[in-house]
Amino acid sequence: MNHAAHEMAILISLLCSAFIAYVAIRCYRASGEQFVGWLALALIGETLIYAPHGIFTRLSADHMALFLIYGPASRLIMAVLLLAGQISYDRRAHRADEIAAQRLWPWICGFGVINVALGWCALALPGSLPVLRILIESGALAVTGPALAMLLARPRHPPLMRLYSGSLVGFMTASLIFIAAAPWTHLWWYAHAVFAAAFLVLSYGVLAAFRSSGSFSGVFSQEQMMERLRAAKVSAEQANTRLNAANAQLLTLATTDSLTGVANRRHLMEQAVRELERANRTHAPLTLLLLDLDHFKETNDRFGHASGDQVLKQFIKQIVPELRGQDVIGRVGGEEFVVLMPETGPDQAQVIAHRLCRLAREVRVQSHDGQTVQVSVSIGASFSGSDGNTISDLLRVADRRLYAAKEAGRDRAVLA
């Protein structure tokens, strides 16, 4: 029997448990993990309820019940709160607002009430101490068992949870020894040492969690980290594939006319500038054809815009296969199209333009009332060099010749 040694041991244990409880609170505030929140409460409860066990050390000869009851009670409270944490293991982490709303004072007051109730029981029922102590210690043992079973039932455990399971085994072992030991015996001191060792293991886990993300169950082994990295890599590759597809779709939307599927005006002009720069640099011929469907407004007015849209789509479907791979076609207006033909001079352009006029005459579209819609196209051409060296020049000349084709009766191409 050594009161001073016991008081020193209890003081050191209280300081350690208070510090680890503070670290656990910091972990909870960092990660919001509910398991860590319950662990912090378990450490606070163990600290506050265990304190009278040291305070009443020198009363052990006169009030043994008052001296002994707080030890098993602190272990029971900690076991209950640890079990609550184990139950909340897979629940979502608390948000910042939920963390800020948590208050410790109700819990601290509750632990104080428990201390008062325990003191009253010890003073009012001193003769029932042996039974009461065994019942409380057995309760701590019985509650810790399910928490350990729930943990072991999981197929895989992060490293810190394996440490945690080891500390639970230590707490259960200490409770068994306390049940068998009498106060101030070597076995009783041994039970203290076993509990302290288990508590140090748990403390190491809390400190390790604090040094990482604050999550006790989120510190992974190397194998688990590799699995997560592999899963993250697969997820990133899938996301990259989706991103590339989305970018390709955006590029298509940004460069394509939604109705006909050919290049829109902006994209066509960008390509025209590049092709004209190349033609000027290499002195290669470049032909620009400006196509306009004849009487298209009347077609819309007579048969409806839906039929007009079908005419445009069918017209493009008819002429695109006849263009060469190097040629570029784009829609620049309602029924106006431009065809860029690199390395194409007037003679070859004349053949292609007349072929396009013939293909336009072959377009047939059924209107909503069953009538057949026929179309024709007028074409004006311009050539790099002889008609200008800018896109504006070529468009202006092609537009003038297109107007001449309209004046001459439509359904024709004017190249000079």
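Preceding this section is the structure that the text describes.
Quick caveat, the model's predicted, so the values are computed rather than measured.

Undergrad: How should I be thinking about the overall build of the chain in this particular structure?
TA: Along the backbone of the chain there are 15 helices and 7 strands. On C-alpha atoms alone, the chain measures out to a radius of gyration of 43 Å, which is more than a quarter above the 22 Å that the 2.2 N^0.38 rule sets for 416 residues. In terms of its C-alpha atoms, the chain occupies a principal-axis envelope of roughly 125 × 55 × 35 Å. When contacts within the chain are restricted to residue pairs at least 6 apart in sequence, those whose partners lie at least 24 apart make up 73%. Element-wise, carbon and sulfur atoms account for 61% of the exposed surface of the chain, whose accessible area totals about 20,900 Å².

Undergrad: I keep staring at the nonpolar core and nothing clicks. Help me out?
TA: Proteins that are soluble and globular tend to have nonpolar side chains buried together. Membership of the largest hydrophobic core comes to 60 residues, with the highest contact counts inside it found for Leu43, Leu82, Tyr164, Phe171 and Phe216. Where this core is concerned, the elements lending two or more residues are helix 1 (3–31), helix 2 (34–55), helix 3 (64–68), helix 4 (70–87), helix 6 (105–124), helix 7 (129–152), helix 8 (159–180) and helix 9 (186–211).

Undergrad: What's the story with the side chain of Asp257 in this structure? I'm lost.
TA: Examined against the element boundaries, Asp257 turns out to sit in the loop between helix 10 (222–255) and helix 11 (265–282). In this structure Asp257 comes out as buried when scored by relative accessible area, which is 13%. Discounting chain neighbours no more than four positions away, the residues touching Asp257 are Val262, Ala263, Asn264 and Arg331.

Undergrad: When you look at the packing of helix 8 against helix 9 in this model, what are you seeing that I'm missing?
TA: A pair of packed helices is characterised by two quantities: the angle between their axes and the separation of those axes. At a minimum axis distance of 8 Å, the contact between helix 8 and helix 9 shows a crossing angle of 165°. Looking at the two axes, helix 8 sits roughly antiparallel to helix 9. By crossing handedness, the relation of helix 8 to helix 9 is classed as left-handed. Its residues assigned to classes, the contact of helix 8 with helix 9 comprises 21 nonpolar, 5 polar and no charged.

Undergrad: Quick question: what am I supposed to make of the environment of Arg396 here?
TA: Its place among the elements puts Arg396 in helix 15 (residues 391–407). Arg396 sits 43 residues away from Ala353 along the chain, and the two C-alpha atoms are 18 Å apart.

Undergrad: Please explain the sheet that holds strand 7 (residues 413–414) as it appears in this structure.
TA: As a general point, the strands of a sheet are linked pairwise by backbone hydrogen bonds and lie either parallel or antiparallel. Sheet architecture is open: 5 strands sit in the order 2-3-1-6-7, paired in mixed fashion. Each edge of the open sheet carries a strand with a single partner, namely strand 2 (328–331) and strand 7. Note: strand 1 (residues 286–293) against strand 3 (residues 336–342), 7 bridges, orientation antiparallel. Opposite Leu288, over in strand 3, you have Leu340 as the bridge partner. Of the strands in this sheet, strand 1, strand 2, strand 3 and strand 6 (377–383) are in contact with helix 13 (residues 305–319), which crosses strand 1 at around 145°.

Undergrad: Explanation requested: the pattern of salt bridges in the structure shown.
TA: Where side chains of opposite charge bring their charged atoms close, a pairing between them can arise. Within this structure, the stated rule accounts for 16 salt bridges. We note a salt bridge from Glu275 to Arg278, for which the minimum N-O separation is 2.9 Å. Highlighted residues: Glu275 and Arg278, both in helix 11, separated by 3 residues, approximately one helical turn. For Arg278, a relative accessible area of 29% corresponds to the partly exposed category. Notably, a salt bridge pairs Arg401 with Asp387, separated by 2.9 Å at the nearest N-O pair. Taken as a pair, Arg401 in helix 15 and Asp387 in the loop between strand 6 and helix 15 lie far apart in primary sequence, 14 residues in all. No difference in accessibility class separates Arg401 from Asp387, as the two residues are buried. Several salt bridges converge on common partners, so that one network encompasses Arg92, Arg95, Asp97 and Glu98.

Undergrad: Explain the packing of aromatic side chains to me, please; I cannot follow it from the model alone.
TA: Note on aromatic pairs: each is described by the distance of the centres and the angle between the planes. Applying the stated rule across the entire model yields 12 aromatic pairs. Between Phe35 and Tyr89 the ring centres are 5.9 Å apart and the planes differ by 80°, which places this aromatic pair in the edge-to-face class. Here Phe35, found in helix 2, pairs with Tyr89, found in the loop between helix 4 and helix 5 (96–101); they are 54 residues apart in sequence, far enough to count as distant. Under the relative-accessibility criterion, Phe35 is labelled buried at 2%. You can call Tyr89 buried: its relative accessible area is 13%. An aromatic cluster is present here, built from Phe67, Trp184, Trp188 and Trp189 joined pairwise through their rings. Of note, Arg75 hangs over the ring of Phe195, and the distance from its end group to the ring centre comes to 5.9 Å.

Undergrad: I'm lost on a nonpolar patch on the surface in this one. Help?
TA: Where nonpolar side chains cluster on the molecular surface, the patch consists of Met8, Leu11, Ile12 and Leu15 and spans about 390 Å² of accessible area. Along the chain, the position of Leu11 falls in helix 1.

Conventions adopted
- Residues numbered from 1 in each chain as written.
- Predicted model: local features only at pLDDT ≥ 70, side-chain atom pairs only at ≥ 80, totals over all residues.
- Heavy atoms only, no water.
- Helix = DSSP H or I, 4+ residues; strand = E, 2+ residues; numbered from the N terminus.
- Rg over C-alpha atoms; globule rule 2.2 N^0.38 Å.
- Contact = heavy atoms within 4.5 Å.
- Areas by Shrake-Rupley, 256 points an atom, 1.4 Å probe, with all protein chains shown as cover.
- Core = buried A, V, L, I, M, F, W, Y, C linked by side-chain atoms within 4.5 Å.
- Buried < 20%, exposed > 50% of the residue type's maximum accessible area, 1.4 Å probe, protein only.
- Axes fitted to C-alpha atoms, helices over the stretch in contact; angles between N-to-C directions.
- Parallel < 35°, antiparallel > 145°, perpendicular 65-115°, else oblique.
- Left-handed = near helix turned anticlockwise from the far one by under 90°.
- Nonpolar A, V, L, I, M, F, W, Y, C, P; charged D, E, K, R; others polar.
- Pairing = 2+ DSSP bridges.
- Salt bridge = Lys/Arg side-chain N within 4 Å of Asp/Glu carboxyl O.
- Phe/Tyr/Trp six-rings, centres within 6.5 Å; stacked < 30°, edge-to-face > 60°.
- Lys NZ or Arg CZ within 6 Å of the ring centre and 35° of its normal.
- Patch = residues over 30% accessible without salt bridge, like charges linked within 9 Å, V, L, I, M, F, W, Y side chains within 5 Å.

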